[in-house]
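If you want the building blocks of each chain, they are given just below.
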Amino acid sequence: MRIFADSADVEEIKKLADLGFISGATTNPTLIAKAGGEPGEIYAQLANMLEHVSAEVVAEDADGMYREGRELSSIHPNIVVKIPFTPEGLKAVRRLKADGVRVNVTLIFSAAQALIAARVGADFVSPFIGRIDDIGYSGVDVIRQTAKIFTLHDISTQIIAASIRHPAHFIEAALSGAHIGTVPPAVIWKLLKHPLTDIGLRRFLEDWRKLQESKGK
Ligand code: G3P
């Protein structure tokens, strides 16, 4: 599973990208509003750092989504246009794909939606696992079913596990066959921390220091 940052915070993503394991970022209108600033500028800055930056359209009709999608994709070759799973969205996906634009279909809550999105040509589908859990179902099950369907039917669309809320979600998404996990920075920092790593390192360094002292260094 590749690891993306689910954020539009350029400074925060810079810090994470420096660590070397983040290859993309996914944004949505809520995340852009939270970051503040000019959306086009944010997408360009992120796309200069990362190979995949999902940027979402806000029009609700197919023509509007198509137009916005073309504009977003012209900002940088690393931009992937995010289209919501609606009947109008599906029409827009088809048209954008015909123009060679990469598309991520978002707001996916079932394996059936994921299969349909794949059939109109989506390069990526984004099931929202946390929001599925919120209504009493299993988000990870949706990933597992989708991964199985894509394997059985030889579908190359990649699954982006989104709406990851905690470290256990991250591990479960990887185990259930997601190709990519997009993770909020706060959860990424939690993944990097382990108390036994800290205790172990303190002990190693302390023992090393004692050894040096015993040699009179
Ligand atoms: O990637 C989708 C994500 O941003 C939604 O997360 O936590 O608002 O369900 P959440």
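Right, let's walk through the structure included here. (Residues numbered from 1 in each chain as written. Predicted model: local features only at pLDDT ≥ 70, side-chain atom pairs only at ≥ 80, totals over all residues. Heavy atoms only, no water.)

Attention shifts here to the packing of helix 1 (residues 10–17) against helix 3 (residues 39–49). A pair of packed helices is captured by two measures, namely the crossing angle of their axes and the spacing between those axes. At their nearest, the axes of helix 1 and helix 3 sit 11 Å apart, and the two run at 5° to each other. Here helix 3 runs roughly parallel to helix 1, going by the angle between their axes. Contact residues: helix 1 offers V10, I13, K14 and A17, while helix 3 offers I42, Q45, L46 and M49. A per-class count over the contact of helix 1 with helix 3 returns 6 nonpolar, 1 polar and 1 charged. (Axes fitted to C-alpha atoms, helices over the stretch in contact; angles between N-to-C directions. Helix = DSSP H or I, 4+ residues; strand = E, 2+ residues; numbered from the N terminus. Parallel < 35°, antiparallel > 145°, perpendicular 65-115°, else oblique. Contact = heavy atoms within 4.5 Å. Nonpolar A, V, L, I, M, F, W, Y, C, P; charged D, E, K, R; others polar.)

Once that is clear, we can look at the environment of L72. With respect to the element layout, L72 can be found in helix 4 (residues 62–75). With 17 residues separating them in the primary sequence, L72 and A55 have C-alpha atoms 7.0 Å apart. Among all residues touching L72, those that are not within four sequence positions of it are Y43, A55, E56, V57, I79 and V81.

Once that is clear, we can look at the nonpolar core. Membership of the largest hydrophobic core comes to 55 residues, with the highest contact counts inside it found for I83, V105 and V125. In this structure, I83 is in contact with V57, M65, G89, A92, V93, L96, V103, N104, V105 and T106, ignoring residues within four places of it in sequence. (Core = buried A, V, L, I, M, F, W, Y, C linked by side-chain atoms within 4.5 Å. Buried < 20%, exposed > 50% of the residue type's maximum accessible area, 1.4 Å probe, protein only.)

In this model, L107 sits at a positive phi of 60°, which is unusual for a non-glycine residue. Its location among the elements puts L107 in strand 5 (residues 103–108). Here L107 falls in the partly exposed class, since its relative accessible area comes to 32%. Here the phi dihedral of D154 falls at roughly 55°; this positive angle occurs in a residue that is not glycine.

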